[in-house]
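Here is what each chain is made of, one letter per residue.
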Amino acid sequence: MKILMVLTSHDKLGATGQKTGFWLEEFAAPYYVFVDAGADVTLASPLGGQPPEDPKSDAPQSQTDATRRFRADAAATAAVAHTLKLDDLSPKDFDAIFYPGGHGPLWDLAEDKTSIALVEGALAADKPVAAVCHAPGVLRRAKTPRGRSVVEGKKVTGFTNSEEQAVGLTEVVPFLVEDMLRANGGDYSKAGDWQPHVVVDGRLITGQNPASSELAAKALLNALRAGPPAKP
């Protein structure tokens, strides 16, 4: 199983003067789900090298067993420090793609042509694509071969409007994930704020929030093990 994990390279939280990036738990928990299952994991980002980490994701209240394991894992921290550039990769080399969240992807990956092409190519080739929390924002511009949004008519989830309001960033983010998924024709569902919720529809897997990241990763593994769906 060859899994590509795509991290953001964007570190500015709008015009607030604050930093953002990827959310550590949403990377660490899935990373170890994949590694512990024996998957070959490749890390990439638009700019390559060390992707920015949202400093809030390393606060004491945000730490988990997975984040603590990551901090003590020299090989994993080195791999994150040396992510490959997205432009240098071919989607043909991977069996699945996983996007951790954090606010950063709303600015760069949602508009990144290489990332959009990766999503489109993977789904068109019946390869699983998973995105958690804010990362379903990367689906914003992705189209099917027929030119329709990849979320149109699909059951999906992602960071809720009420969760965004709770963190005080409704007026800061370039778009709201829930609103975007609905506007693009997605059949959006959600659980209570901060509760785990993962939705699988065909090869598309989405998770609502940080609490959903490990479940989303396990759903991706299940999709890989099940193989591509039978053709009608």
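What you see is a predicted model; the values in this text were computed from it and never measured. (Residues numbered from 1 in each chain as written. Predicted model: local features only at pLDDT ≥ 70, side-chain atom pairs only at ≥ 80, totals over all residues. Heavy atoms only, no water.)

Draft legend 1. View of the overall build of the protein. Summing up its helical and strand segments, the protein has seven helices and nine strands in all. Taking 17 Å as the expected radius of gyration for a compact globule of 232 residues, we find that the protein reaches 16 Å, a close match to that expectation. Across its three principal directions, the C-alpha atoms of the protein cover 50 × 40 × 30 Å. Looking at the protein as a whole, 53% of its 232 residues are labelled buried. In the protein, once contacts between residues fewer than 6 apart in sequence are set aside, the share between residues at least 24 apart is 77%. By element, 51% of the accessible surface of the protein is carried by carbon and sulfur atoms, the whole surface being about 10,000 Å². Positive and negative charge centroids in the protein, built from 24 and 29 side chains respectively, lie 5 Å apart. (Helix = DSSP H or I, 4+ residues; strand = E, 2+ residues; numbered from the N terminus. Rg over C-alpha atoms; globule rule 2.2 N^0.38 Å. Buried < 20%, exposed > 50% of the residue type's maximum accessible area, 1.4 Å probe, protein only. Contact = heavy atoms within 4.5 Å. Areas by Shrake-Rupley, 256 points an atom, 1.4 Å probe, with all protein chains shown as cover. Lys, Arg positive; Asp, Glu negative; His and termini not counted. Charge placed at Lys NZ, Arg CZ, Asp CG, Glu CD.)

Draft legend 2. Highlighting the pairing of strand β1 (residues 2-6). The buried count for β1 comes to four of five residues, which makes it a mostly enclosed element. Of the pairings in the sheet, the one linking β1 to strand β2 (residues 40-45) comprises five bridges and is parallel in character. Note that in β2 the partner of lysine 2 across the bridge is aspartate 40. Once you follow β1 into helix α1 (residues 24-36) and on to β2, the crossover reads as right-handed. For β1 and strand β4 (residues 96-99), the ladder comprises three bridges, and the chain directions are parallel. Across the sheet, isoleucine 3 pairs through a bridge with alanine 96, a residue of β4. (Pairing = 2+ DSSP bridges. Right-handed = clockwise from strand over helix to strand, strands pointing away.)

Draft legend 3. Structural context of the nonpolar core. Among the nonpolar cores identified, the biggest contains 67 residues, and Phe27, Phe34, Phe98 and Tyr99 are the most heavily contacted of them. When near neighbours in sequence (up to four residues on either side) are disregarded, phenylalanine 34 contacts Ile3, Met5, Ala39, Val41, Phe98, Ala217, Leu220 and Leu221. (Core = buried A, V, L, I, M, F, W, Y, C linked by side-chain atoms within 4.5 Å.)

Draft legend 4. Spatial organisation of unusual backbone geometry. With a phi angle near 60°, aspartate 126 is a residue other than glycine that sits in the positive phi range. Located in the positive-phi region is cysteine 133, a residue other than glycine, with phi close to 65°. Looking at the secondary structure, you find cysteine 133 in the loop between β5 (129-132) and β6 (155-156). In this structure cysteine 133 comes out as buried when scored by relative accessible area, which is 3%.

Draft legend 5. Main features of the pairing of β4. The two faces of β4 match: Ala96 and Phe98 on one face and Ile97 and Tyr99 on the other face are all buried. Pairing of β4 with β5 involves three bridges; the strand directions are parallel. Following the sheet pairing, phenylalanine 98 is matched in β5 by alanine 130. In this fold, β4 hands off to helix α4 (residues 113-124), which returns the chain to β5; that crossover is right-handed.

Draft legend 6. Up close: the packing of α1 against helix α7 (residues 213-226). Across the interface, α1 lies against α7 with an axial gap of 8 Å and an inter-helix angle of 35°. As α1 runs across α7, the sense of the crossing is right-handed. The segment α1 lies against α7, with Glu25, Glu26, Ala29, Pro30, Val33 and Phe34 engaging Ser213, Glu214, Ala217, Lys218, Leu220 and Leu221. Considering only residue class, the contact of α1 with α7 consists of seven nonpolar, one polar and four charged. (Axes fitted to C-alpha atoms, helices over the stretch in contact; angles between N-to-C directions. Left-handed = near helix turned anticlockwise from the far one by under 90°. Nonpolar A, V, L, I, M, F, W, Y, C, P; charged D, E, K, R; others polar.)

Draft legend 7. Representation of the environment of aspartate 95 in the model. Relative to the elements of secondary structure, aspartate 95 occurs in the loop between β3 (84-85) and β4. By relative accessible area, which is 33% here, aspartate 95 ends up partly exposed.

Draft legend 8. Expanded view of the pattern of salt bridges. All told, the structure shown has 13 salt bridges when counted by the stated rule. Between aspartate 65 and arginine 68 there is a salt bridge; the shortest N-O distance is 3.0 Å. Of the two residues, aspartate 65 and arginine 68 both sit in helix α2 (residues 65-71), three residues apart, roughly one turn of that helix. Taking the shortest distance from any N to any O, the salt bridge between glutamate 111 and arginine 140 comes out at 3.1 Å. Here glutamate 111, found in the loop between β4 and α4, pairs with arginine 140, found in the loop between β5 and β6; they are 29 residues apart in sequence, far enough to count as distant. Several salt bridges converge on common partners, so that one network encompasses Asp11, Lys12 and Lys19. (Salt bridge = Lys/Arg side-chain N within 4 Å of Asp/Glu carboxyl O.)

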